[in-house]
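Fold and geometry: a report
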Amino acid sequence: MNIVEMYKENKTLLSFEVFPPKKTSPIESVYGVLEELTALKPAYVSVTYGAGGTAADNTCAIAAKIKNTYNIEAIAHITCVNSTKRQVEDALDNFKANSIDNVLALRGDIVPDLPPQTDFRHADELTAFIKSKGGFHVAGACYPEVHPEAEDEITDIINLKKKVDAGAEFLISQLFFDNQCFYDFLKRCRLAGINVPIEAGIMPVVNKNQIQRMVSLCGASLPAKFSRIMNRYENNPEALRDAGIAYAVDQCVDLIANGVSGIHLYTMNNPYVARRICEAIGKLL
Ligand code: FAD
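Notes on the structure in this doc start here.

1. Looking at the packing of helix H6 (residues 153–165) against helix H7 (residues 179–191)
It is at 10 Å that the axes of H6 and H7 come closest, and there the two elements cross at 60°. Classed by the angle they form, the pair H6 and H7 counts as oblique. Pair H6 / H7 crosses with right-handed handedness. Within the contact between the two elements, H6 uses Glu153, Ile157 and Leu160 and H7 uses Phe185, Arg188 and Cys189. Looking at the contact of H6 with H7 residue by residue, the class counts come to 4 nonpolar, no polar and 2 charged.

2. Quick look at the sheet that holds strand S5 (residues 137–142)
Ordered in space as S1-S2-S3-S4-S5-S6-S7-S8, the 8 strands form a closed barrel in which the pairing is parallel. Across the sheet, the mean angle separating the axes of adjacent strands is 30° when strand polarity is ignored. In terms of strand pairing, strand S4 (residues 102–106) meets S5 through 3 bridges, oriented parallel. The residue bridging Leu104 from the neighbouring strand is Ala139, located in S5.

3. Considerations on the site of the ligand
Within the structure, the ligand sits among 25 residues, and Arg107, Asp109, Tyr143, Asp156 and Lys163 are positioned closest to it. A distance of 2.8 Å separates an oxygen atom of the ligand from a polar atom in the backbone of Tyr49. Contact distances for the ligand include 3.0 Å between an oxygen atom and a side-chain N or O atom of Asn159. About the coverage of the ligand: the protein hides 86% of its 980 Å² of free accessible area. Within the residue set of the shell around the ligand, elements represented by two or more residues are strand S3 (73–79), S4, helix H5 (123–133), H6 and strand S6 (170–175).

What counts as what
Residues numbered from 1 in each chain as written. Predicted model: local features only at pLDDT ≥ 70, side-chain atom pairs only at ≥ 80, totals over all residues. Heavy atoms only, no water. Axes fitted to C-alpha atoms, helices over the stretch in contact; angles between N-to-C directions. Helix = DSSP H or I, 4+ residues; strand = E, 2+ residues; numbered from the N terminus. Parallel < 35°, antiparallel > 145°, perpendicular 65-115°, else oblique. Left-handed = near helix turned anticlockwise from the far one by under 90°. Contact = heavy atoms within 4.5 Å. Nonpolar A, V, L, I, M, F, W, Y, C, P; charged D, E, K, R; others polar. Pairing = 2+ DSSP bridges. Near = heavy atom within 4 Å. Polar contact = N/O pair within 3.5 Å; in protein donor to acceptor, adjacent residues only side chain to side chain. Areas by Shrake-Rupley, 256 points an atom, 1.4 Å probe, with all protein chains shown as cover.

In structure tokens:
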């Protein structure tokens, strides 16, 4: 199903992100998580590709399981920085053979020890390539607090417009902890003529290591209110978890009240946390 059709109902969609298991674990190790997450009836579930050392091959198998066993729409992520056109074509063929027709087209992070391939330089080129093949709905990534490599916010928005012009039908945002950053970003997008649905990326922070890792990876700014909560409960894991969930719920309530197109929950494969959030906001959507 084309996910863009779902936005036409004018409600805020709630979607989840999951990641495949580490290369050393069997794919089946994630099935229990998928079963619990899909039981929460998200609009769709997206599956990362090779991120954080996970096996890229499993992306398709997990997306297929979500769609074909649990009957929830799935999006498979695909990156191009280390892939040739031929490898991307093979991955797309595999998606098609498994009835996956929604993809999130990404450049991927440039890894210092692995020189990038040259077939695709940016996600807009990958997006155009996938659209030219036909049969896929394509989404793209966006960065409310500006992509770390971008010269400035104007250049980043101009580049994002290229991705949308190349065929990205909706966008999913990087995580953020300050809703105002997202609202300011939405304004910049609309001024630049980017009018596709944009989902807000929300990550409930439930332990202290997660915050440090996330901030160093994506550069999200930490509002004083957030830091105060995290500092106060850093030595009390249960309280920190509950406070992290409460903070994420608070962000979601505000986003829904502001009529955002969707909330994309970075579940970190944690069904307990996803369930708590669904219970808190389910009736608001
Ligand atoms: P691009 O859109 O290509 O942008 C990268 C940089 O290049 C930006 O600074 C942009 O301003 C600039 N740029 C873009 N187009 C042009 C152009 N035409 N000319 C000049 N400059 C340009 N990584 C994974 O490895 N696996 C995943 O599954 C994964 N999932 C993600 C999901 C989401 C929702 C998000 C937000 C990120 C995800 N990432 C994932 C991380 C992502 O791969 C990195 O953030 C990567 O550095 C950028 O990818 P992109 O597709 O946004 O790149």
